[in-house]
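Residue-level structural notes
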Amino acid sequence: MRTKVLPSLLCAGLITAVGLLASSPASAAEQAHAAGAAPVVADSTEAVDGAAVDGIREKLERVRGLTVVSVADKGGFPFYTLTLEQPVDHRAPGSGTFQQRFTLWHKAETAPVVHYTGGYGLSSGTREITTLLGANQVSVEHRYFNASRPAVVDWGDLNVWQQASDEHAIVQALKSIYRTKWLGTGASKGGMTQVYHERFYPGDLDAVVAYVAPNDADNRDDSVYENFFRTVGTPECRTALDAVQREMLVRRGAMLTRFEATSKEQNLTFAYLGSADRAFEFSVLDQVWNFWQSGTYTDCPDVPDAEKATDDELYRWSLGHGLSIYADQGNGAEGSGPYYRQAAAELGWADLKFKHLRDVRKYPDIYQPNSVLPADMRTAYNGRVMKDVDRWVATRGERMMFVYGQNDPWSAEQFKPSKHDSHLYVAPDTNHGALISKLTPAARTEAEATVRRWAGQ
């Protein structure tokens with residue numbers, strides 16, 4: 001499942017399959033979005049004297065609990081890798097700590113600060129509004145992903161409030177240096193993460209720009225997703241994709257042989273899902289979602305005729321167009337497991353019906369995030385936080401902008417912005433890589449003017 005934010009399950013679907021295209025917000029979804037994002041400025045490995053630029057290094061080193069790990073050059077400005085000591089439980093600070101990684105691309109103390117969350121591991125590519133504003137950029141690794149975790153993890157401490165509290169601590173620490181406008185941004189799961197930060201600490205940021213951020217306020221109702229797949233693209237394309245997906249399961253024996261061969265080549269195993277057959281069915285269920293998440297309607301003419309395609313033609317096309325392999329190697333604690341744990345616990349997932357596949361499925365209850373997790377990371381769902389966030393954004397959120405893609409499954413369940421200087425835009429004919437720059441000319445002009453105004457420019 002796409003990282004559903006599950007390659008369909010949320011982003012709010014978003015995810016990581018091993019070695020192949022995966023659905024999603026680190027996750028395949030985040031990678032897909034990055035592919036359409038503003039150009040990433042390559043980081044130089046050459047060390048620079050950060051102290052020579054506004055004396056910023058000395059100021060960073062005076063921040064309590066902050067460690068300067070390294071400094072390099074990025075576009076002629078110092079690029080710092082940092083850690084901040086965080087409590088594993090912000091409600092019980094004495095219960096232990098961990099070091100949370102983040103980066104700082106410093107331009108000037110008087111420039112705005114863009115606070116970016118990817119929602120997964122550390123990702124520091126230049127964000128669209130950073131370029132627009134000529135801003136400093138802080139990029140935060142999500143708690144309990146990659147290096148930002150204690151030696152022993154209690155997965156109960158991985159929740160949206162704890163991460164929002166982590167970000168609050170980072171923002172407050174750096175505001176002792178940057179007394180300017182702060183704007184939050186993120187895409188997919190990273191956009192969701194910014195929304196949660198804003199909900200719990202609305203005084204931290206002056207505005208939020210969230211891209212393709214799913215809002216699964218009611219995890220029991222997936223009718224919006226079902227309607228999306230009934231209407232996206234053209235009838236001919238939808239029919240062809242459904243036929244390929246179905247044929248993959250009709251020819252299960254031939255396709256499973258090829259699936260197992262691919263898995264053997266990549267040294268993949270399926271203990272969490274239970275068998276290669278279960279993993280194969282799970283992957284097929286994600287095919288159409290992933291096609292639209294990362295592809296466009298221009299890919300539709302290449303969809304093969306499901307009945308006429310040979311076994312090899314059907315498998316090879318699927319492998320390149322949405323067939324993600326969900327293996328143990330990508331879904332444990334060191335991979336996308338923390339995301340799936342969050343989806344199972346709070347974020348939710350898209351439990352699609354797949355009516356056209358009912359008679360060819362063998363595992364009707366497999367399409368949910370606990371399926372891809374090791375036993376010690378599985379949990380029960382609690383939807384109270386998502387309902388609370390949804391209500392807060394719609395009624396009390398201020399200066400929040402949401403940018404979605406017309407043909408992106410993760411963009412189907414949207415946040416509804418309030419009337420308090422908040423806005424929603426949909427980029428036409430765009431997938432999970434939606435950006436302000438992909439809006440219509442009039443909408444782009446309006447959105448960019450709003451972002452500049454929020455930044456005091």
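Sequence positions are assigned chain by chain, starting from 1 and proceeding in written order. In view of the model being predicted, local features appear only for residues whose pLDDT reaches at least 70, and side-chain atom pairs are presented and counted only at 80 or more, with totals across whole chains, interfaces and linings using the full set of residues. The basis for the side-chain values is all heavy atoms of the structure; hydrogens and waters are excluded.

Now for the nonpolar core. To form a nonpolar core, buried Ala, Val, Leu, Ile, Met, Phe, Trp, Tyr and Cys residues must be joined to one another through side-chain atoms within 4.5 Å. Buried means the residue's accessible area, taken with a 1.4 Å probe over protein chains only, is under 20% of the maximum for its type, while exposed means over 50%, and partly exposed covers the values in between. Within the largest apolar cluster, 97 residues are counted, with the highest numbers of intra-cluster contacts made by Leu60, Leu66, Phe102, Val138, Leu174 and Trp292. Going along the chain from the N terminus, every DSSP run of H or I of four or more residues is numbered as a helix, and every run of E of two or more is numbered as a strand. Take this core: its biggest share by element is six residues, from helix 9 (residues 276–285). Dropping the residues within four chain positions of it, Trp292 is found in contact with Phe229, Val232, Gly233, Cys237, Leu241, Tyr297, Cys300, Asn407, Asp408, Pro409 and Asn431. Grouped together as the second largest cluster of nonpolar side chains are 24 residues, Leu132, Ala187, Ala443 and Val451 included. We call two residues in contact whenever any of their non-hydrogen atoms come within 4.5 Å of each other.

Here we come to the state of the cysteines. Between two cysteines, a covalent bond joining their sulfur atoms is known as a disulfide. Disulfides are defined in this document as cysteine sulfur pairs within 2.5 Å. What the rule picks out here adds up to one disulfide. Residue Cys237 pairs covalently with Cys300 via a disulfide, S to S 2.0 Å. For the disulfide bridge between Cys237 and Cys300, the dihedral angle about the S-S bond is near -80°, and by the sign convention the bridge is left-handed. One end of the pair, Cys237, is in helix 7 (residues 235–250); the other, Cys300, is in the loop between helix 10 (287–294) and helix 11 (311–320), and 63 residues separate them in sequence. The two residues Cys237 and Cys300 agree in class, both being buried.

Once that is clear, we can look at the sheet that holds strand 9 (residues 423–427). Only when DSSP finds a minimum of two bridges between them are two strands counted as paired. Pairing within the open sheet is mixed, and its nine strands lie in the order 1-2-3-5-4-6-7-8-9. Edge positions in the sheet fall to strand 1 (66–74) and strand 9, since each has one partner strand and no second. Taking the axes of each pair of neighbouring strands and ignoring which way they run, one obtains an average angle of 20° across the sheet. Axis lines are fitted to C-alpha atoms, over the contacting stretch for helices. Their N-to-C directions set the angle, which ranges from 0 to 180 degrees.

So, on to the pairing of strand 5 (residues 136–140). Counting buried positions along strand 5 gives five out of five residues, so the element sits mostly inside the fold. By the alternation rule, side chains of strand 5 split into Asn136, Val138 and Val140 and Gln137 and Ser139, which are all buried. Inspection of the sheet shows strand 3 (residues 97–105) paired to strand 5 by four bridges, in the antiparallel sense. From the neighbouring strand, Trp105 faces strand 5, where its bridge partner is Gln137. Here strand 4 (residues 113–117) pairs with strand 5 via five bridges, running parallel. Bridging from a neighbouring strand, Thr117 pairs with Val140 of strand 5. We call a crossover right-handed when, viewed with the strands running away from us, the connection from the first strand over the helix to the second turns clockwise. Read as a crossover between parallel neighbours, the route from strand 4 over helix 3 (residues 128–133) to strand 5 is right-handed.

Attention shifts here to the environment of Asp286. Assignment of secondary structure puts Asp286 in the loop between helix 9 and helix 10. Under the relative-accessibility criterion, Asp286 is labelled buried at 0%. Measuring from C-alpha to C-alpha, the distance between Asp286 and Tyr367 comes to 9.1 Å, with 81 residues separating the pair along the chain.

Attention shifts here to the pattern of salt bridges. When a carboxyl oxygen of Asp or Glu lies within 4 Å of a side-chain nitrogen of Lys or Arg, that pair is called a salt bridge. Following the criterion strictly, the structure yields 19 salt bridges and no others. Put simply, Asp166 and Arg143 hold a salt bridge, and the shortest N to O gap is 2.7 Å. Pair noted here: Asp166 is in helix 4 (residues 160–174) and Arg143 is in the loop between strand 5 and helix 4, with a separation of 23 residues, a long-range link. A relative accessible area of 0% places Asp166 in the buried class. Judged by its relative accessible area of 0%, Arg143 falls in the buried class. Residues Asp218 and Arg220 are paired through a salt bridge, measuring 3.3 Å at the closest nitrogen-oxygen approach.

This next bit is on the packing of aromatic side chains. The criterion for an aromatic pair is that two Phe, Tyr or Trp rings (for Trp, the six-membered ring) have centres within 6.5 Å, with stacked assigned to planes under 30 degrees apart, edge-to-face to planes over 60 apart and tilted to the rest. The full count for this structure, using the stated rule, is 19 aromatic pairs. Centre to centre, the rings of Phe282 and Tyr326 are 5.1 Å apart; their planes meet at 65°, and the pair counts as edge-to-face. Pair noted here: Phe282 is in helix 9 and Tyr326 is in the loop between helix 11 and helix 12 (328–331), with a separation of 44 residues, a long-range link. As far as the burial class goes, Phe282 and Tyr326 line up, both buried. Between Phe291 and Trp292 the ring centres are 5.1 Å apart and the planes differ by 85°, which places this aromatic pair in the edge-to-face class. Here Phe291 matches Trp292 in class, with each residue buried. Lying across the ring of Phe77, Lys107 places its NZ or CZ 5.6 Å from the centre. Residue placement shows Lys107 over the ring face of Trp105; its charged tip is 4.0 Å from the ring centre. Criterion for a charge above a ring: Lys NZ or Arg CZ within 6 Å of the ring centre, and within 35 degrees of the ring normal.

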